[in-house]
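Single-letter residue listing:
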Protein chains: 2
Amino acid sequence: MDADLFKALGDATRRTILDELVERDGQTLFELCGRLTMKHGLTSSRQAISQHLAVLEEAGLVHTRREGRYKFHHVDTSPLRAIVERWPVEREDADQ
Amino acid sequence: MDADLFKALGDATRRTILDELVERDGQTLFELCGRLTMKHGLTSSRQAISQHLAVLEEAGLVHTRREGRYKFHHVDTSPLRAIVERWPVEREDADQ
DNA sequence: TTGACAGGCAAGTATCGGCTTGCGTATAAC
DNA sequence: GTTATACGCAAGCCGATACTTGCCTGTCAA
């Protein structure tokens, strides 16, 4: 099941993490922590963010790449396609 | 916020309800209960389904119409558009 | 009016999920 | 080697939430 996908999207902090990673891909955990507090006003701890990233990775929305002691996080929005494919969204031809 | 939307999609039973309503729109609560147990193997009680429908309605995914003692439920998938608009899904031009 | 039917409300329970806390590991700098 | 850095693991706490239980309201048929 794609339960992992919807579970991952169910949390506001995780959605903000996706926002951040879309804007700047390939961040490390510490980079993310900094930017989330600075730009998005989040107060989550490092461990909290780390656990959120694990959930996002389980859902296939984030892939990771190890490099020495750094771990880079990359977004992958392709799993989202399953949502609109499951419940077809009719085109909104309202505007011209 | 669209927190209601993601919260609504976060539950497996609610997703199955959406499946059912997409396949056959405008069902009453009792109709839904029957079909969910028959076709989808769910064992949820009437009250449980009713509460799920309330959550779906809050998210704008289901609209209701009263008619005497009947209440018909209609799907509206348009809120889902906000998801792919928030995190653009690149076209998969793999197939031809 | 009486009864069956369709649905609603609200409190209690129990499970789940996000977060903290504390310690551990590996890589790199000095 | 020593220290700092970047991250991992796991147990526990606590609030959220799905579900049950019991009773109530409104509609329609006889």
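Here is a short report on the structure shown in this document. The structure presented is a predicted model; accordingly, all values stated were derived computationally and were not measured.

**Concerning the relation of the copies chain A and chain B**
Part 1 of the reasoning: Rotating chain A by 179° about the axis while translating it 0.1 Å along that axis superimposes it on chain B, leaving an RMSD of 0.1 Å. Both chain copies can therefore be described as sitting about a two-fold axis. Distance from the rotation axis, computed per C-alpha, reaches its smallest value in chain A at A:Gly10: 2.8 Å.
Part 2 of the reasoning: Of all interface residues in chain A, 96% are interface residues in chain B too; the two copies therefore contact each other through one and the same surface.

**A word on the protein's contact with DNA strand D**
Part 1 of the reasoning: Among the 21 residues in the neighbourhood of DNA strand D, the closest are listed as A:Phe30, A:Arg46, A:Lys71, B:Ser45 and B:His52.
Part 2 of the reasoning: At 3.4 Å from a phosphate oxygen of DNA strand D is found a main-chain nitrogen or oxygen belonging to A:Leu29.
Part 3 of the reasoning: With respect to DNA strand D, the side chain of B:Gln51 contributes an N or O atom lying 3.2 Å from a base oxygen.
Part 4 of the reasoning: Sorting the residues of the surface near DNA strand D by element identifies α3 (29–40), α4 (46–58) and β2 (70–75) of chain A together with α2 (12–23) and α4 (46–58) of chain B as the ones contributing at least two each.

**What about the nonpolar core?**
Part 1 of the reasoning: Membership of the largest hydrophobic core comes to 45 residues, with the highest contact counts inside it found for A:Leu9, A:Leu61, A:Ile83, B:Leu9, B:Leu61 and B:Ile83.
Part 2 of the reasoning: Contributing elements (two or more residues each) for this core: α1 (3–9), α2 (12–23), α3 and α4 of chain A together with α1 (3–9), α2, α3 (29–40) and α4 of chain B.
Part 3 of the reasoning: Dropping the residues within four chain positions of it, B:Leu9 is found in contact with A:Phe6, A:Trp87, B:Arg15, B:Leu18, B:Leu61, B:Leu80 and B:Ile83.

**Section: the interface of chain A and chain B**
The figure often quoted for interface size is the accessible area lost as the parts come together.
Part 1 of the reasoning: Contact with chain A, which involves 24 residues of that partner, is made by 23 residues of chain B.
Part 2 of the reasoning: Around 2100 Å² of area is buried between chain A and chain B when both sides are counted, 61% of it from carbon and sulfur atoms.
Part 3 of the reasoning: Together, A:Arg15, A:Arg81 and A:Trp87 form the three largest contributors to the area buried by chain A at its contact with chain B, with a combined 31%.
Part 4 of the reasoning: Linking chain A to chain B there are two salt bridges.
Part 5 of the reasoning: A salt bridge links B:Asp19 to A:Arg86; the shortest N-O distance between them is 2.7 Å.
Part 6 of the reasoning: Scanning the region where chain A abuts chain B turns up six residue pairs in polar contact (both at pLDDT 80 or more).
Part 7 of the reasoning: Put simply, the parts of the chain that give the side of chain A that touches chain B at least two residues each are α1, α2 and α5 (81–86) of chain A.
Part 8 of the reasoning: Split by residue class, the side of chain A that touches chain B holds twelve nonpolar, four polar and eight charged.

**Concerning the protein's contact with DNA strand C**
Part 1 of the reasoning: The local shell around DNA strand C holds 20 residues, among which A:Arg14, A:Ser45, A:His52, B:Phe30 and B:Lys71 are the closest.
Part 2 of the reasoning: Considering the 4 Å shell around the protein, atoms of DNA strand C inside it are sugar or phosphate in 61% of instances.
Part 3 of the reasoning: A:Arg14 places a side-chain nitrogen or oxygen 2.4 Å from a phosphate oxygen of DNA strand C.
Part 4 of the reasoning: Within the side chain of B:Arg69, an N or O atom sits 3.4 Å from a base oxygen of DNA strand C.
Part 5 of the reasoning: Across the surface near DNA strand C, the residue classes break down as four nonpolar, nine polar and seven charged.

**Remarks on the packing of aromatic side chains**
All names here are of chain A.
Part 1 of the reasoning: With the rule as written, the count across this model stands at four aromatic pairs over all chains.
Part 2 of the reasoning: With centroids separated by 5.9 Å and ring planes inclined at 55°, the aromatic side chains of Phe6 and Trp87 adopt a geometry described as tilted. Of the two residues, Phe6 is situated in helix α1 and Trp87 in the segment after α5; the sequence distance between them amounts to 81 residues. Trp87 carries the same exposure label as Phe6, and that label is buried.

**Section: α3(A)**
All names here are of chain A.
Part 1 of the reasoning: The terminal C-alpha atoms of α3, which comprises twelve residues, lie 15 Å apart, in line with the 16 Å expected from a rise of 1.5 Å per residue.
Part 2 of the reasoning: Buried within α3 are the following residues: Leu29, Leu32, Cys33 and Leu36. The arc enclosing the buried residues of α3, seen along the axis, measures out at 105°, which places them on a common side. For α3, the exposed residues set more than 90 degrees away from the buried face come down to Phe30 and Met38.
Part 3 of the reasoning: Tucked into the core, α3 has its buried residues touching α2, α4 and β2.
Part 4 of the reasoning: In the segment just after α3, Gly41 is the residue with positive phi, at about 70°.

Conventions adopted
- Residues numbered from 1 in each chain as written.
- Chains lettered and ligands numbered in written order.
- Predicted model: local features only at pLDDT ≥ 70, side-chain atom pairs only at ≥ 80, totals over all residues.
- Heavy atoms only, no water.
- Least-squares fit on C-alpha atoms with pLDDT ≥ 70 in both.
- Contact = heavy atoms within 4.5 Å.
- Near = heavy atom within 4 Å.
- Polar contact = N/O pair within 3.5 Å; in protein donor to acceptor, adjacent residues only side chain to side chain.
- Helix = DSSP H or I, 4+ residues; strand = E, 2+ residues; numbered from the N terminus.
- Core = buried A, V, L, I, M, F, W, Y, C linked by side-chain atoms within 4.5 Å.
- Buried < 20%, exposed > 50% of the residue type's maximum accessible area, 1.4 Å probe, protein only.
- Buried area = accessible area lost by both parts, 1.4 Å probe.
- Salt bridge = Lys/Arg side-chain N within 4 Å of Asp/Glu carboxyl O.
- Nonpolar A, V, L, I, M, F, W, Y, C, P; charged D, E, K, R; others polar.
- Phe/Tyr/Trp six-rings, centres within 6.5 Å; stacked < 30°, edge-to-face > 60°.
- Expected span 1.5 Å × (residues − 1).
- Arc of directions from axis to C-beta.

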